[in-house]
Structure formats: C-alpha cells, structure tokens
Amino acid sequence: MKRFVLALPITAALVGTVNTPTLARTQESRPELMKRASVLSDAKDWAASEKLYTQAIALDPKETNAWLNRGYVRGNQKNYAGAIADVSSGLVALALSPTPNTRLQAIGFANRASYWLRKDDARRALVDAIIACKADETFPSAWLNRADAQYALGNLEQANICLERVRSNKGSATRDFTAEGAQQNALKNKPLDVAAYTTASFDAAYKAQNDGKDAEALAGYGSILEKSPMVRNAWGNRGNIHFNANRFEDALADYAMAISLSGLDNDPADQSRNLTNRANVYTRQGRLAEAVNDLELAVKTKPDYALAVERLKTTREKLAAMPSETLPPLERAAQYLAQAEKGGLFNSAQPRAAAKKILDELITAEPKNASALVLRGRLENLGMIGVVKEAMVFFERALAADPNNPDALYEHSLALTSSFTATDTDRAQALKELKQAVARGRTDAKARVKLADALSGARDFGGAGEQLDLVVKAEPQNEDYLRKRAVLRQQQKDWGKAIADWSQVVALKPTAANYSSRGDAYVDNRQYPEAIADFDQAIVLAPKNADFLVGRARAKRLKGDKSGALADYTKAHEQDETLPAVAANLSDADKADAARHDFKRLMSKLADSSKRVTESSIALLKARRAQKKAEDRLQRLLVGDKRTDTQILAEFDDDAKSNVLDEEDYLDHARVLVRQEKYAEAITDCTKAVTLKADYSDAYNFRGVLYETIKDYEKAFVDYDKAVSIRPKNGSYLRNRGDMHYQLKRFDAAWSDYDRAVTDDPKEATNYFKRGNASFQRSKFDDAIADYTKALELKPDMKAAADNREVAKRRKAAGG
C-alpha cells in the first residue's frame, strides 16, 4: 500500500523570522545552511542535506524547520526512528515559538504519523493523525494518514470516512482499500475496542507498577493501549517503566504519545510532567539541547512546576559546558575527553561516545594524525588502571607518525612504566621520552612532576629538584607539589629546606600525617623540641595511631628524655602488637623505630596465622595466596592500583578456583563489571562481599550507587541506610542516603541527613546546597535562602545555588 510522505522542505516563511546568532566570518549562518540544505534536499542528496541541517540545529536548537526538514531527509533514507525523533523535537520547538502556526503543527504530526506507519505501528500513527486533523481540519494529508492508520487496523468504514474528508479538502485520495485487505489487516493488527477499556483495568496496571511488578504492569498497559490508544496516562506510565529499566528508545516513543495527548486534552500539569520525564531520557542520552527544549516547554506550560524549573537550570548548565559544534573536531574531541575524565564511573558514557565518534572519523580520514591518535589512546584507557594494550597501540602509532610529538612522547613514556613488570630498560626509555616531551613543549605541572619522579628513581635528585622547583614556583599553594619536594629534599638530606616545605604543607592542610612528616624532618635536623611538638599535635588528631607515638618516642630518646621515650614506646606496643616491645634501657629502640616504616609489618599477623595452617598442600596454597594478596594490597596502598581490568578479572578467576576470594575481591570485581555496564552482576558481587563481611560499609554504599543507577531507589536507600548505620559520621554516606530520601520525596528525612552531613563537613558547599533544596521542598524558604547563601560563601561560582536562592526568594515573596 502506498503511504503518504509530505513533500518537504518547509520554507522559513511558515514560522516567521528568527534571530540569527552572531557567527565568525568563516562559519556559515543558519539561514545560509538552511538554504544550501534545501537545494541538496531538492536534488535528493539526502546525506549532504542531513549534515547541513544538523549544523543548523547545532547553531539554533529551537529552529523548527531544521528539525522537521532533517526528519524529512532521514525519512527518505528510511531512518524512520531518526525521523520520528526529529519531528518530536520540531514540534517542541514550534510550541516554544512566539508565533503559533497550526498548519505547521499539522504537518509535523502528519509526517510523524507517516513514519509510524512505516514502522508498522498503526496505533501511534492513528494518534498522531487525529491530532494533525485537530490542528488543521482542512489539511488533506492529515486525513489521508488517518485513513491509512484506520485501514491498517482493519477498520474499513472509518478509513473510507477519512478518505471522503481528503476529497472534500481537495486532496488526492487514491487508495485501493478493500474489505479483504481490511480483514487481513485486522488479523495482523488487532482492531480497536474502545468500549472494552475500563478504568478498573488501568487501576490494576497502576497498582502492579507501584508494587514493583513491572512485567504485569507492562502487560496491563499494553492491553489498554491495544484497545484504546488515546489513554494518555497508560502511555506515560509505561514510559516510566521503560525508563527505569534503561529502555530509553521505548520510553521516548511512549512519552511522545503521552505529551501529544496531554496537549490535545489541554492538561498542562500532565503535559509538563511528561515533558520533564522525556527530558530525563534525553539527558541520560546526552541530548542536552533537546532536554532543555522539553524543560522550557514544561515550564512554559506550567510555570509553578518546581521539578521542571530545577531540572531546567541544571540541564542548561550542563549544556553550556558542552563543547561547541563550531569548534574544530580535534578541539571538540579533547573537550569531550576532558568531560569524560571528570565524569566518573557513571557519568562519562555520553562524552566518551562523542569523543570516540569524532576521533574515529578523524583517524579514518587522517591515519597519521598524531594528536588524534594520542587522544584516542587516552580514551581507550579511560577508567582503566594502568595502561591497557589497546591504548598502547594508539600511542605507538602516534609516535610512528610523529616522533617529536610531545604528547605522544609523554603518554608513551607513562605506558612503558605503568606495569609492575616494567624493566630497567623500560624505565630508562621512559625517562628519555619524558625529557624529550618536556623539551618539546609538554611543560605543564603534570608532565614536570612525572619527569621529577623518573629522575628521582634514577637517583638524579638534582634534576628532579629543578623540575619540582619550577612546578612549585608556578603553583606555590599546591600541597601535593610541596609534599613531593619536601620528600625529595629529605632524600638529599637538606633538612632545613625540607622543613620549610613541610611547614607550608602543614599550613595548607594541618593533618596528623603532615605534622608527623614535619616531625621526622625536625628529628633528622636535631630540632627535638619542635619535633616533639609536631608529634604531640599528630597524636591529638589521631590518638589511635601507634606510629605517631613511636615517632615522638624517638624524638624524646634522642633529646635525652629516656623515661618519656619508654612510656611512648610501651604505649605504642600496647596499641599495636606488630610494633616490637622496647627494653627498659632502650637498647633495642632502633627496632621499633625501623618497624614504624617496615613494609612487612602488616605481614606478621598473616605469618603467625599461616603457621597454624595444616601442612596439607591445598591449605598451604590457600595460605600463601592469601598472604600474597595481603602483600599486593599493601603495595597498592603505597603506589596505587595499577592493575588493568583484564588483570583483575584473571586474578579473580584464579582466586575463585583456589577458594580464597574475600570481600575486597568481590568489590574490586564489581567495579570492573560496572565499567562493563553489567550492573546486575556487580550487585551480586556486592551482595557476596557483605555476606563475607557484614559491616563492610563500602560494599553497601557501592551497591546503593548501583541500585540508584538502575533507578531502584528503595533498595538504594536500604543500602545507604546500612552504610550509615556502620559509619554514622561518614558525610558521603549521609549525602547518598539524603539523596534517596529526596528522590522519594521524603524531604524531612532528607533534610536531617543533609544537616548531619553539614555537621560532619561544615566547609563543603554541596552539603549546604542540598540542605537548602530540602528546606525549599518543605516550604522553609528562609532556611533555604540561608543555606544557598552559605553555599555561595564557600563556593562563589556555584550557579545552581544562586539560581535556587532567587527561586526561593520569589516563592517566599509570593507567600509560598
């Protein structure tokens, strides 16, 4: 059966004049792009035309004609899903336009109906065709698509009535509708049965949804829509189920119907809610411009819908941070990569995918583009520990393409030494490449610090010091750089300068560890009273750390205070039996001093337990593996976890065969699974971890994050609650639990958790911001304003706090 496709393109005159953004001279304006795209479309050069319409949309995402015309172009390429998405966005842009245009609205809905028909979805097509007819009853194409939809559903009588409306509006109604064809269609697509729909069936589906019985709810809503596709809440609720299950395309299709029917029924509250829900899908997909348009329409439709107002602000901020489409591809890819690196585990999928697409296209066109190859290698390694083999391939290709490229030299040098298996030859080559990278322009702090580390490893302390001096000069308040230089100066036995650096570190961050480190430098410089004062402060901050007692004991002993030293050595041994006891005459005090920094101290308990293990080969194997694991973990604490995901998975499999898996193994394994987006399996691993260790708060918290990721907020709350019960003063756990209270609209409980987080960390702006949001939801506008103000004092560039404060002030002035 021949079905109607509207003969676009649509001219700009249909929607009035739209202001054109100011552009660089080398960039085509939107009208120029639209004009060229139209010419290409007329010539049926669909691919080239689509590209230009895409550029026009990037310049102005509210350009209705660009969306609708790109939809038309995509439809002609049989990309019906893309065409439907574009028409949906075009209809939103049209609704945001200050100039109503019912004919253009009818065109949009009629075209979308035609695309639904091509996807064999006659029910959605019928909904859109009905709305098109309502928008403009004189539009023949709307009636023709409505006739096609009715016929596809086996309703010959209604199809012929619609054909008569086509003819009465002077349209072409050449269709070969037959009774036999209608009967065949009825067998394929069950006919409508509006009379069979009852509110009881909807209530049953809704109850199943609230009870978490998603399969039952989906079946119920599907049955309703099969009988009567005009039940908008069935579309919207089913869309919510799809969204929570990460079936985003299904969710978008259902929300599209719910939004359209809400507008047809003139229900602003429902339409605003569905627009906000669809914006959530767009945000998860990284389609931020479309999310902003939906949220703007949601606010325009219902200005007092607080959730839409809040989401609009945050989504605009995200959109503003996105790389501009007018940037050169390499620069745009670099910005996407930077976003992905900052995004963390759960927030990097969209920028990562965008960067990969740009870089793959660049490398295909320019196989020897060293800069693109370097970025592609970094992208391959994103989220990995160490450097994966695939990344190394790109770095080697970059060096082959341009042996003098500083970024290629830098990344390749890091890759050479990223593994514990690195040889002396690898380290020597890496040092050579780092020197070349810095000499050729990689003079940022990160590169200089890496060079300093390599020089220090090669015992070139002078060269390392020169690099660190330059870094500290550029960033004199950076405690990490100061700490590195302090340690280097201690290696050089330049105690005075080391003390000066440690003093700056202590001033910037007065922690127990930093006081202890300066105390050691004072001891080495024979300034014992100053050393004792620093260890005193460290012990006040961390009274259960026996190492600090040993440090103070050493200072007292060298100062001549033998009784004071003995008291500290004795107390340290009582707190931590892995520290040796010291004789009354202090003759063996050096052993305690050495044990304080002994890498193998932690292994002593494992060695003792190993002696009690039976000498059977299997038991001995398990004990040795457990000890090796403990040694490896201690090493990772000192130098960081440099294992690749492949290595972690291999170790997990080996340990599973040896039956020596523990709770930390399961949590490490879960983190790898999350990077592979295997959330259900990761949740299972976290469950095994907490089974092995009932008070493993990190595993509960991580499982809560996973449940939150898959939108199972109740289970996420239970896990966050458990983590808080184990460590009630952990601000991160409290914030997470507060977020779940907030998500579940338990605003009093959310406020309480955020309040405790403020108490735990009163210098964290986010704590005040979130407590302010909870106060706002409780209509405590004065409290909300105060918290937003405090957040801005701590973080003046926190735009969301400033925006929310203004909203709170307006709500307060309006009487709530």
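The shown structure was predicted, so the numbers you read here are calculated from the model rather than taken from an experiment.

K.L.:
Teacher, can you tell me more about the overall build of the protein here?
P.N.:
On a plain count of helices and strands, the protein comes out with 43 helices and 0 strands. When contacts within the protein are restricted to residue pairs at least 6 apart in sequence, long-range pairs at least 24 apart make up 54% of them. Only carbon and sulfur atoms are counted for the fraction: they give 50% of the accessible area of the protein, which is about 39,700 Å².

K.L.:
In this structure, what is going on with the packing of helix α5 (residues 102-118) against helix α7 (residues 140-152)? I would like to understand it.
P.N.:
Pairs of packed helices are described in terms of their axes, by the angle between the two and the distance that separates them. Contact geometry of α5 with α7 gives a least axis separation of 9 Å together with a crossing angle of 25°. Judged on the interaxial angle alone, α7 and α5 are roughly parallel. The handedness of the crossing between α5 and α7 comes out as left-handed. For the pair α5 and α7, the contacting residues are Ala110, Ala113, Ser114 and Leu117 in the first and Ala142, Asn145, Asp148 and Ala149 in the second.

K.L.:
Help me understand the confidence of the model for the protein, please; the structure alone is not making it clear to me.
P.N.:
Atomic detail in the predicted coordinates should be set aside for any region of low pLDDT. With 89% of its residues at a pLDDT of at least 70, the protein reaches an overall mean of 86. In this model residues 601-618 is a low-confidence stretch, pLDDT under 50, and it forms 24 contacts with partners more than four residues away in sequence or in other chains.

K.L.:
What exactly am I supposed to notice about the layout of surface pockets here?
P.N.:
Where empty space is left can be seen by rolling a probe of water-molecule size over the atoms. Reported here for the second largest pocket is a volume of approximately 1,700 Å³. For the second largest pocket, the lining is made up of 41 residues, of which Thr54, Ala58, Glu325, Arg332 and Tyr336 are closest to its centre. Secondary structure elements with two or more residues in the lining of the second largest pocket: α2 (46-59), α3 (64-76), α4 (80-96), α15 (288-301), α16 (306-321), α17 (329-343) and α18 (349-365). For the lining of the second largest pocket, the residue count by class is 22 nonpolar, 8 polar and 11 charged.

K.L.:
I would appreciate a short explanation of the nonpolar core in the present structure.
P.N.:
One finds Tyr115, Tyr221 and Ala234 to be the most contacted residues of the largest nonpolar core, which totals 71 residues. Residue contacts for alanine 234: discarding those within four places in its chain leaves Phe202, Tyr221, Ile224 and Leu225. In terms of nonpolar packing, the next biggest core, distinct from the first, is built from 55 residues, Ala333, Leu451, Leu488 and Tyr522 among them.

K.L.:
Is there a simple way to think about the packing of aromatic side chains in this case?
P.N.:
One pair of aromatic rings is described through two measures. These are the centre distance and the angle between the planes. For the structure on display, the rule yields 9 aromatic pairs. A centroid spacing of 5.9 Å and a plane angle of 40° characterise the contact between phenylalanine 243 and phenylalanine 248, whose relative ring orientation is tilted. Across the pair, phenylalanine 248 and phenylalanine 243 agree in class, each one buried. Through a chain of ring-to-ring contacts, the aromatic side chains of Phe202, Tyr206 and Tyr221 assemble into a single cluster.

K.L.:
In this structure, what is going on with helix α37 (residues 697-709)? I would like to understand it.
P.N.:
Quick reminder: α-helices carry 3.6 residues per turn. Residues three or four places apart thus point the same way. In this model, α37 (13 residues) spans 18 Å end to end at C-alpha, consistent with the 18 Å of a helix rising 1.5 Å per residue. Along α37, 11 of the 13 residues are buried, which leaves the element largely enclosed by surrounding structure. Within the sequence span of α37, burial applies to Ser697, Ala699, Tyr700, Asn701, Phe702, Arg703, Gly704, Val705, Leu706, Tyr707 and Thr709. Looking at the buried positions of α37, the neighbouring elements they touch are α14 (268-284), α35 (663-675), α36 (679-692), α38 (713-726) and α39 (731-743). Just downstream of α37 lies lysine 711, where phi reads positive at about 70°.

K.L.:
Explanation requested: helix α24 (residues 461-474) in the structure shown.
P.N.:
For α24, built from 14 residues, the straight-helix expectation of 20 Å at 1.5 Å per residue is met to within 8% by its first-to-last C-alpha distance of 20 Å. Along α24, the residues that are buried comprise Phe461, Gly463, Ala464, Gly465, Gln467, Leu468, Val471 and Val472. Where α24 is buried, its residues touch α22 (424-439), α23 (445-457) and α25 (479-491).

K.L.:
Looking at this structure, I do not really get the side chain of serine 88. What am I missing?
P.N.:
Secondary-structure assignment places serine 88 in helix α4. For serine 88, a relative accessible area of 6% gives the class buried. Looking at serine 88, its side chain comes within polar contact range of the side chain of arginine 112, at 2.8 Å. Look past the residues within four positions of serine 88 in its chain and what remains in contact with it is Arg112, Ala256 and Arg278.

K.L.:
Before we go on, may I ask you to explain the pattern of salt bridges in this structure?
P.N.:
Where charged atoms from two side chains of opposite charge approach closely, those side chains can pair. Tallied over the full model, the rule gives 64 salt bridges. Residue glutamate 164 is joined to arginine 167 by a salt bridge in which the shortest nitrogen-to-oxygen separation is 2.9 Å. Here the residue glutamate 164 and the residue arginine 167 both occupy positions in helix α8 (residues 156-168), the gap between them amounting to 3 residues, near one helical turn. Residue lysine 357 pairs with glutamate 361 through a salt bridge whose shortest N-O separation is 2.9 Å. Of the two residues, lysine 357 and glutamate 361 both sit in helix α18, 4 residues apart, roughly one turn of that helix.

K.L.:
What is the right way to look at the state of the cysteines in this model?
P.N.:
This model, assessed by the stated rule, comprises 0 disulfides. Left without a disulfide partner, cysteine 162 is nearest to the cysteine sulfur of cysteine 133, which lies 6.6 Å away. Cysteine 162 gets classed as buried once you look at its relative accessible area, which sits at 2%.

K.L.:
So what exactly am I meant to see when it comes to unusual backbone geometry here?
P.N.:
Trans is the common state for peptide bonds, and a negative phi is the common state for residues other than glycine. A positive phi angle, close to 60°, is found at lysine 44, a residue other than glycine. Checked against the element boundaries, lysine 44 lands in the loop between α1 (30-42) and α2. Although it is not a glycine, glutamate 677 adopts a positive phi angle of roughly 60°. Its location among the elements puts glutamate 677 in the loop between α35 and α36.

K.L.:
Even after reading the chapter, I still don't get the packing of α5 against helix α13 (residues 248-264), so can you show me in this structure?
P.N.:
Axis separation between α5 and α13 bottoms out at 14 Å; the angle between their running directions is 145°. Relative to α13, α5 is oriented so that their crossing is left-handed. The segment α5 lies against α13, with Phe109, Arg112 and Trp116 engaging Ala253, Ala256, Met257 and Ser260. Looking at the contact of α5 with α13 residue by residue, the classes come out as 5 nonpolar, 1 polar and 1 charged.

K.L.:
How should I be thinking about the environment of alanine 245 in this particular structure?
P.N.:
Along the chain, alanine 245 falls in the loop between α12 (232-244) and α13. On the accessibility criterion, alanine 245 (34% relative accessible area) is partly exposed. Placed 466 residues apart in sequence, alanine 245 and lysine 711 show a C-alpha to C-alpha distance of 7.8 Å.

Definitions and cut-offs
- Residues numbered from 1 in each chain as written.
- Predicted model: local features only at pLDDT ≥ 70, side-chain atom pairs only at ≥ 80, totals over all residues.
- Heavy atoms only, no water.
- Helix = DSSP H or I, 4+ residues; strand = E, 2+ residues; numbered from the N terminus.
- Contact = heavy atoms within 4.5 Å.
- Areas by Shrake-Rupley, 256 points an atom, 1.4 Å probe, with all protein chains shown as cover.
- Axes fitted to C-alpha atoms, helices over the stretch in contact; angles between N-to-C directions.
- Parallel < 35°, antiparallel > 145°, perpendicular 65-115°, else oblique.
- Left-handed = near helix turned anticlockwise from the far one by under 90°.
- pLDDT = per-residue confidence, 0-100.
- 1 Å grid on protein atoms, 1.4 Å probe; cavity = no way out; pocket = protein on both sides within 12 Å on 5 of 7 lines; lining within 4 Å.
- Points joined across faces, edges and corners; volume = space filled by probe spheres on them.
- Nonpolar A, V, L, I, M, F, W, Y, C, P; charged D, E, K, R; others polar.
- Core = buried A, V, L, I, M, F, W, Y, C linked by side-chain atoms within 4.5 Å.
- Buried < 20%, exposed > 50% of the residue type's maximum accessible area, 1.4 Å probe, protein only.
- Phe/Tyr/Trp six-rings, centres within 6.5 Å; stacked < 30°, edge-to-face > 60°.
- Expected span 1.5 Å × (residues − 1).
- Polar contact = N/O pair within 3.5 Å; in protein donor to acceptor, adjacent residues only side chain to side chain.
- Salt bridge = Lys/Arg side-chain N within 4 Å of Asp/Glu carboxyl O.
- Disulfide = S-S within 2.5 Å.

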